[in-house]
Structures are given as structure tokens and as C-alpha cells.
Amino acid sequence: MKLLANLLVSFFAFSIFFSFFFYFVYPKELYDFCSFLRAENANLKDREIKIGSNFLHFYEGENLHKKDTIVILHGWGDNRKGFLKLAKYLSQDYYLIIPDLYNYEEYDFNNQVSIVTKLLDTLNIRKCHFVGVSSGGLIPLSVAVKRPKLVKSIILVNTPYLDLRVENEKFIKFFSKKVSNSSDLDIVLTSLFYDTPKFSKPIEKMLIKQVDTDLKFVNTHIIPKIKYSEFSNLENALTSSNVPTLVLHSIYDELIRVKSASMYVKLLPFSTYGTISNTSHFPHYETPIYLASSITNQIESIKIKH
């Protein structure tokens, strides 16, 4: 018994030491491990597939043949891991596909649209619902024009309007911020969250580097390559779209003005408008239950109508 007790004490002591070691020395690895656990909890598998010359990483849910499919698309500077909280409340009722939309080598809007549709074709998805958060909402709008039979419905969440220069100047300028210390990080997070999150020093240090890299990538590789004529053409084409669309806007969003949401409602013939309280630009982080409920209600209402 004494030997067993000593072994247990040694095991717990080693576990505590191991956890603290990773927490302070390898915070990114610890973050990735926590993301793995959250994905497992949401019944998501981490997959990759080769499209063209690149490998696309994505989360895939279970029970493909028993559920409606929802494709969830992140905005600039975010990634698929940001949707793990939201996925937990959707994965039991729907088949989820959550891809990483870009890599750190190249960016082209039409190419991103093509990558998403090629992924769905490869997975033999013939019709699905799209959820696009922030600039991620621009992609399903293009899919609705180019591949209308693929789209059952669209949920736009704090999506900038198509004319990015006119209605979303603050959104574009946001990506020019530089993050080199905790104060810079706090300014960025305050723009994205209603309740600004606080982090320990090791995690904060990791985030300063990562957020600065993400913003710099968007500012130097994405924004300069935007072809505004493409969005103008898309705007004209969407006036005859018959895709049911829910336009959601967070009332405390500092980056996307409510006018953008109202312009989408005016543009899209089969659209409705809704608000999200107690959150800013990232409701999938702050109010995932409410956002999941809004998505579910939209999808189920479409089933009833059809």
C-alpha cells in the first residue's frame, strides 16, 4: 500500500510538473492539444485533402448521410479552430465541414471560392447550408451565383458589405495594426470582443506573435489583391438570387456597421435580418449557444417552407 501511495504521489507530481512545463515552455503545443480535445468533444475529425498543389485542412463531422450539411467559413485572420465552441452545439444535428480558407503563400478570392466548391465536390456534397463569419461570408455569396444548386441557404454573420472601400473603411484599416506588446494585443481584442479576454503571460506572448502574423498577412497578401470589380459584378448578380439568407449583426460590433447588414437585406430578395446581443465581431467565441440556435432556427424554418 505504501508503495502504491508513493507511486500515485509521484505520478501526480510528474503530471503537475509536465503541465506547468508545457504551459510555460510550449504554450502553442498546449493550445493545439486543447483544440484537439475540443474537436473530439464536438465529434469532429481533423482532415486534410489535396486540392491542386496545396493541402487543405478542415474539420469534418460525423453521420454524413443522416444530416443536413453546414459549411462554416472563417474570416480573414481567423481559422477553423475558432469554431470549435460553436460546433459543439451543431454537430449532433448536422454534418459539419469547417475548412481553413487560406495558407500563408497566396490569396485570390475566386481561387478561395473554387477551393471551397472543389472540397465539397470531392466530399460528394450536392447541397448544403453555408455560415460565413466576417469576410468568410463573401465566399458563399459568390457560390450562390456561380453554383446556385449547391446552396440551400446562407447565414451571414457580421459580414462586410461587398463594396469594401465605401462601407467598411474601418474594417480594412483594422488589419494594418501592429501587435508587438500586450497593450497592442488588448487594442485588437477590444475591437473583436464585447468582453475583452485576458490571458496568462505565456499564452499572451504566443498570441502577440500569432495575431501580428495574421494581421500582417491579411494587410500585405489579401487586401492589396482585392479586385473590387469582382465584388461589383457579384453585387449585380445577387439581385436575382433566390437563396434564403439570414443576415446577422452583433449590436456591439465595432468593425462592421449595421448599415452593411441592412444593405444586404435590401440587396438579397429572400433575406431576413437578425441581431446578436452581448457580443462584438466574434459571436462564435462569445455567444456560441445563441449563434447555434439562430443557425438551427434558420435551417429548420427552410425545411418547413419546403
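Reading the values: the criteria
Residues numbered from 1 in each chain as written. Predicted model: local features only at pLDDT ≥ 70, side-chain atom pairs only at ≥ 80, totals over all residues. Heavy atoms only, no water. Phe/Tyr/Trp six-rings, centres within 6.5 Å; stacked < 30°, edge-to-face > 60°. Helix = DSSP H or I, 4+ residues; strand = E, 2+ residues; numbered from the N terminus. Buried < 20%, exposed > 50% of the residue type's maximum accessible area, 1.4 Å probe, protein only. Lys NZ or Arg CZ within 6 Å of the ring centre and 35° of its normal. Contact = heavy atoms within 4.5 Å. Pairing = 2+ DSSP bridges. Axes fitted to C-alpha atoms, helices over the stretch in contact; angles between N-to-C directions.

**Here's the deal with the packing of aromatic side chains**
- Under the defined criterion, the tally for this structure stands at 10 aromatic pairs.
- Measuring from ring centre to ring centre gives 4.4 Å for Y194 and Y252, while their planes differ by 25°; the resulting arrangement is stacked. Here Y194, found in the loop between α8 (182–192) and α9 (201–222), pairs with Y252, found in the loop between β7 (245–250) and α11 (258–267); they are 58 residues apart in sequence, far enough to count as distant.
- For Y194, a relative accessible area of 35% gives the class partly exposed.
- For the cation-ring pair, R80 lies above Y59, with the distance from its terminal atom to the ring centre recorded as 4.7 Å.

**A look at the environment of I72**
- Mapped onto the elements of the fold, I72 is located in strand β3 (residues 68–73).
- I72 sits in the buried class, given a relative accessible area of 0%.
- Distance from I72 to D100, taken between C-alpha atoms, is 9.8 Å for residues 28 residues apart in sequence.
- Setting aside its immediate chain neighbours within four residues, I72 contacts F83, L86, L90, I97, I98, P99 and V131.

**Quick word on the sheet that holds strand β1 (residues 45–51)**
- Within the open sheet, the 8 strands sit side by side as β1-β2-β4-β3-β5-β6-β7-β8. Their pairing is mixed. One side of each edge strand has no neighbouring strand; the edge strands of this open sheet are β1 and β8 (271–276). Across the sheet, the mean angle from the axis of one strand to that of its neighbour is 25°, orientation sign disregarded.
- Bridging between strand β2 (residues 54–60) and strand β4 (residues 94–99) involves 3 bridges; their strand directions are antiparallel.

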